[in-house]
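Topology and contacts: notes
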Amino acid sequence: MNLEAFILGCGGMMPLPNRHLTSVLLRREGELFLFDAGEGTQVALRKLNLKWKKITAIFISHTHADHITGLPGILMLSSQVDRDEPLYIFGPPKVRAFIESCRQILDMYINYEIVVHDIVEEEEIFSRQDFRIRCFKLEHTKPCFGYTLEEKPRPGKFSPDLAKKYNVPMGPLWAKLQTGEDVKNDAGTLVKSSDVVGPLRKGRKFSYVTDTLYLDSIAGEVKDSDLFVCEAMFAKGLEADAKEKKHMTCTQAATIARDAKVKKMALIHYSPRYTKADLHQNLADAQMVFPHTILSKDGLVLPIEYEET
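All of the points below concern the structure found in this document. (Residues numbered from 1 in each chain as written. Predicted model: local features only at pLDDT ≥ 70, side-chain atom pairs only at ≥ 80, totals over all residues. Heavy atoms only, no water.)

On to helix H4 (residues 94–105), then. Taking 1.5 Å per residue as the helical rise, H4 with its twelve residues ought to reach 16 Å, and the 16 Å between its terminal C-alpha atoms agrees with that figure. Looking only at H4, the buried set comprises Val-95, Ile-99 and Cys-102. Angularly, the buried residues of H4 cover 65 degrees about the axis, an arc narrow enough to put them on a single face. Exposed residues lying more than 90 degrees from the buried face of H4 are Lys-94, Gln-104 and Ile-105. Looking at the buried side of H4, the elements it contacts are helix H2 (65–68), helix H3 (71–77), strand E5 (87–91) and strand E6 (114–118). (Helix = DSSP H or I, 4+ residues; strand = E, 2+ residues; numbered from the N terminus. Expected span 1.5 Å × (residues − 1). Buried < 20%, exposed > 50% of the residue type's maximum accessible area, 1.4 Å probe, protein only. Arc of directions from axis to C-beta. Contact = heavy atoms within 4.5 Å.)

See the structure below:
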C-alpha cells in the first residue's frame, strides 16, 4: 500500500519565485490529504500528476496568511469536477469563519458538501479502519496544531513453510490463517493462526509540525515517525529570535527528531532571508544533531516505506 508525501512548498512568510509557501500533500492508496494551503498552493498542486481535486481532507495548522490564503481557490476549483464525497477541513475555530466569509464575499459556487471541524483540544480527528489522524497543540502567536497520520499495526508475516509443516493445504485455509482465524487441517487437528503467523508489524507514521516554539512535548507526539516534516525557520544560533517569534531553529527541530527517534526528518518553512547556500549550512548544522535530516524543496516526493521485517 503506497504512502507518499509531496512537498508542494517549503517557504515561510511569503512566496518566492522558486519557493512556494509551506504545504504538504499526503497520498495514501489513492486518498489525498492536504496539510496547509498558503497563497499559490493551487499552482503547486497543478504541477503534480495527481487527481488532487478530490482531496479527502485539508488540515490547517493555524490562520496566518501563509498557511490559509490558498484555500478559497482550492475550494472553487474543486467545484469544476464531479464530487459526491464531502470535503473535510480541520483547523482552529477561525478557519470556519474564514471559509464562511470567503464563500459569502466571493459568492463561491460550491457543488459539494464542505464539513468544517473546529479543533480546540488534542484529539483524534479523522480515521479509517486501518489508520487515524491526530492533532496536537503547538505554541505560536495564534492557536496552532501539528498533525500525525498513524497506521494501525499490520498482520504478522505468514509462513508457508510452517503451514505445510502443520499439514494445512494451500488455499482458503491459508487465507483464514493470515487473517487471524484458527483452522483445522485435513486430519482434523486445530492449527492456530499464531502457529504460522508472526507478531504484528508496525504500521507507518507521518508527522507535520510548523510554526511553533521548541516544545519537549512535540517529541512524544511524533515519536517513531517514518517521516517527520518540521519547520526550520531560523538558523543555528538564532534561538533568541526564534523564541521571540515563536518559531524554531534547524537544530531545535533536529533535537526533536533525535529525541523522538524518527526515521527521517525533512526541514521545511524556511525564512525568505535564506539562500540555497544558507539552507545547506542549516542542513549541515541539523545533521550534526540528527544525521537523517534532509531539506524539503518544492516538488520533492518522499515515499514512506514499511519498516523492514
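Further remarks concern unusual backbone geometry. The phi angle at Asp-211 is positive, at roughly 60 degrees, despite the residue not being glycine. In this fold, Asp-211 is placed in the loop between strand E12 (205–209) and helix H8 (216–222). Given the relative accessible area of 2%, Asp-211 is considered buried. The phi angle at Lys-246 is positive, at roughly 60 degrees, despite the residue not being glycine. With respect to the helices and strands, Lys-246 occurs in the loop between helix H9 (239–245) and helix H10 (250–260).

This part takes up helix H11 (residues 276–289). Spacing of three or four residues puts side chains on the same side of an α-helix, whose turn is 3.6 residues. For H11, spanning 14 residues, the distance from its first C-alpha to its last is 20 Å, which sits close to the expected 20 Å at 1.5 Å a residue. Taken residue by residue, H11 has Leu-279, Asn-282, Leu-283, Asp-285 and Ala-286 as its buried positions. On an axial view of H11, the arc spanned by its buried residues comes to 165 degrees, and they lie on one face. In H11, the exposed residues that point more than 90 degrees away from the buried face are Ala-277 and Met-288. Packed against the buried residues of H11 are H10, strand E14 (265–268) and strand E15 (293–295).

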